[in-house]
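Survey of secondary and tertiary structure
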Amino acid sequence: MFSREESKKIRQEFWTSFGKEYPRKWLLYNTKMKEIQLKFTFDRKKAQVSLDIIDEDPLIREYYYEKLQSLKKILQEEYLSEVIFDPEYELPEEKMISRIYVELPGVSIHNKNNWPQVKEFLAIKMSKLEEFFKDFADFIKN
């Protein structure tokens, strides 16, 4: 078990090393849509790359979710075959969002032996998710 400080230091070390190994500007929060962001997640149980619809208004979330769901077949066939759609994903802080994601289960940020596999997973999957988002951003926006 790690103390809070030790865990924080390990997380910082992982993300710093990830940034050095994959030195590029990721899209993430710069989607030009305040309701949508792309996100990396890596904790003690899994790694994820996701497209999050974060608006607090359920109707707005549903609007964007349905647009993205209409692209599901394209997303699966051309970008991320293992993508998961979740209209009501609960974050650890108990906030509800809609999340479209790919996941690598059974890895832990505290296990440095997992890091090479997770870094590669994050970089490859986020590149594909960004490509999909850029290709369909106009459709998603309008």
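These lines cover the structure that appears in this document, whether it is placed above or below.

What counts and how
Residues numbered from 1 in each chain as written. Predicted model: local features only at pLDDT ≥ 70, side-chain atom pairs only at ≥ 80, totals over all residues. Heavy atoms only, no water. Helix = DSSP H or I, 4+ residues; strand = E, 2+ residues; numbered from the N terminus. Rg over C-alpha atoms; globule rule 2.2 N^0.38 Å. Buried < 20%, exposed > 50% of the residue type's maximum accessible area, 1.4 Å probe, protein only. Contact = heavy atoms within 4.5 Å. Areas by Shrake-Rupley, 256 points an atom, 1.4 Å probe, with all protein chains shown as cover. Lys, Arg positive; Asp, Glu negative; His and termini not counted. Charge placed at Lys NZ, Arg CZ, Asp CG, Glu CD. Axes fitted to C-alpha atoms, helices over the stretch in contact; angles between N-to-C directions. Parallel < 35°, antiparallel > 145°, perpendicular 65-115°, else oblique. Left-handed = near helix turned anticlockwise from the far one by under 90°. Nonpolar A, V, L, I, M, F, W, Y, C, P; charged D, E, K, R; others polar.

Considerations on the overall build of the chain
Scanning the chain from terminus to terminus reveals 4 helices and 4 strands. The order of helices and strands in the chain, counted from the N terminus, is α-β-β-α-α-β-β-α. For the chain, the C-alpha radius of gyration of 16 Å lies close to 14 Å, the compact-globule estimate for 142 residues. Counting only residues that meet the buried cut, the chain has 46% of its 142 residues in that class. If you take every contact in the chain between residues at least 6 apart in sequence, the share linking residues at least 24 apart comes to 62%. Looking at the chain as shown, the accessible area adds up to about 8,500 Å², and 50% of this sits on carbon and sulfur atoms. Counting 25 positive and 26 negative side-chain charges, the chain places the averaged centre of each group 6 Å from the other.

Comments concerning the packing of helix H3 (residues 72–79) against helix H4 (residues 115–141)
When two helices pack together, you describe them by how their axes are tilted relative to each other and by the distance separating the axes. Running from amino to carboxyl end, H3 crosses H4 at an angle of 135°, the nearest separation of the two axes being 11 Å. The angle between the axes of H3 and H4 places the two elements in the oblique class. Classified by chirality, the crossing of H4 by H3 is right-handed. Together, Ile74, Leu75 and Tyr79 of H3 and Lys128, Glu131, Phe132, Asp135 and Phe136 of H4 make up the contact between the two elements. Split into classes, the residues belonging to the contact of H3 with H4 amount to 5 nonpolar, no polar and 3 charged.

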